[in-house]
Amino acid sequence: MKKLLVISSSFREGSNSELLAREFMRGAIEAGNEVELITLKGKKLGFCLGCLACQSVKDGHCVQRDDADLIAQKMKDADVLCFATPIYYYGVSGQLKTMLDRANPLFPISYAYRDVYLMCSCAEDESAAARAVDCVQGWIDCFEGVELRGVLCCCEGDEPGCVKMRTELMSEAYELGKSI
């Protein structure tokens, strides 16, 4: 059994990226894994101050005590991370980018995660997701032994919930989760 943490960064109700993530979660739960979903909607996430104080403490905490610090601690203990994001201007949402930046305290300490997945949605074709994948891959590259294991994107789907009509994509999300 693995411990999965899913972080959804969409502020939309019924967002396509979160629906993909929920289907991924359903598969992971049915495979016997422990899964937690955190939505960034309504969370207090201050920007990284760039002070690097987090690099000099052994507990992996940020000097800012807000929701981002608490989420980073949950990230540290998870075996698998899944990020769900809408694509904004060919990149991950600002909320997710802020959270990734605020996970800087995890860099010098021991963390459990080794596998990362990305669920995203965009109004454009597949090429719109490339920079979002690059952003997440860039974050992953900073952590030894961590790999991007899967990416699913609902492209050309701007309406909330339209991913439900794409049964093959929903099935792929479920199977990806079930394979963990």
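Scroll up to find the structure.
### Thoughts on the overall build of the chain
Step number 1: A count of helices and strands for the chain gives 5 helices and 5 strands.
Step number 2: Taken from N to C terminus, the helices and strands of the chain fall in the order β-α-β-α-β-α-β-α-β-α.
Step number 3: Its C-alpha atoms give the chain a radius of gyration of 16 Å, within 12% of the compact-globule value 16 Å for 180 residues.
Step number 4: Counting only C-alpha atoms, the chain reaches 50 × 35 × 25 Å along its principal axes.
Step number 5: Within the chain, the proportion of its 180 residues that are buried is 51%.
Step number 6: In the chain, the 20 positive side-chain charges and the 27 negative ones have mean positions that sit 6 Å from each other.

### So, the packing of helix α1 (residues 16-30) against helix α5 (residues 167-178)
Step number 1: Across the interface, α1 lies against α5 with an axial gap of 6 Å and an inter-helix angle of 40°. With respect to α5, the axis of α1 lies oblique. In this structure, α1 meets α5 at a crossing whose hand is right-handed. Between α1 and α5, the residues in contact are Leu19, Leu20, Glu23, Phe24, Arg26, Gly27, Ala28 and Glu30 and Leu169, Met170, Ala173, Tyr174, Leu176, Gly177 and Lys178, respectively.
Step number 2: Class assignment for the residues of the contact of α1 with α5 results in 9 nonpolar, 2 polar and 4 charged.

### A few points about the environment of Ile7
Step number 1: Within the fold, Ile7 resides in strand β1 (residues 3-8).
Step number 2: For Ile7, a relative accessible area of 0% puts it in the buried group.
Step number 3: Sequence separation between Ile7 and Cys51 is 44 residues, and the spatial gap between their C-alpha atoms is 25 Å.
Step number 4: When near neighbours in sequence (up to four residues on either side) are disregarded, Ile7 contacts Ile38, Leu40, Ile71, Met75, Cys82, Phe83 and Ala84.

### Comments concerning the environment of Ala21
Step number 1: Mapped onto the fold, Ala21 is located in helix α1.
Step number 2: By relative accessible area, which is 0% here, Ala21 ends up buried.
Step number 3: For Ala21 and Cys155, which are 134 residues apart along the polypeptide, the C-alpha to C-alpha distance reads 15 Å.
Step number 4: Not counting chain neighbours up to four residues away, the residues in contact with Ala21 comprise Val6, Ala84 and Met119.

### As for the nonpolar core
Step number 1: Membership of the largest hydrophobic core comes to 36 residues, with the highest contact counts inside it found for Ile71, Met75, Leu81, Phe83, Met99, Tyr113 and Trp139.
Step number 2: At the level of secondary structure, the elements contributing two or more residues to this core comprise β1, α2 (67-77), β3 (80-86), α3 (94-102), β4 (115-121) and α4 (130-140).
Step number 3: Aside from chain neighbours lying at most four places away, what touches Phe83 is Ile7, Met75, Leu96, Leu100, Val116, Tyr117, Leu118, Met119, Val136 and Trp139.
Step number 4: Core analysis: the second largest hydrophobic core is formed by 21 residues, Val35, Cys82, Leu169 and Ile180 among them.

Conventions adopted
Residues numbered from 1 in each chain as written. Predicted model: local features only at pLDDT ≥ 70, side-chain atom pairs only at ≥ 80, totals over all residues. Heavy atoms only, no water. Helix = DSSP H or I, 4+ residues; strand = E, 2+ residues; numbered from the N terminus. Rg over C-alpha atoms; globule rule 2.2 N^0.38 Å. Buried < 20%, exposed > 50% of the residue type's maximum accessible area, 1.4 Å probe, protein only. Lys, Arg positive; Asp, Glu negative; His and termini not counted. Charge placed at Lys NZ, Arg CZ, Asp CG, Glu CD. Axes fitted to C-alpha atoms, helices over the stretch in contact; angles between N-to-C directions. Parallel < 35°, antiparallel > 145°, perpendicular 65-115°, else oblique. Left-handed = near helix turned anticlockwise from the far one by under 90°. Contact = heavy atoms within 4.5 Å. Nonpolar A, V, L, I, M, F, W, Y, C, P; charged D, E, K, R; others polar. Core = buried A, V, L, I, M, F, W, Y, C linked by side-chain atoms within 4.5 Å.

Remember that the coordinates give geometry; whether it matters functionally is a separate question.
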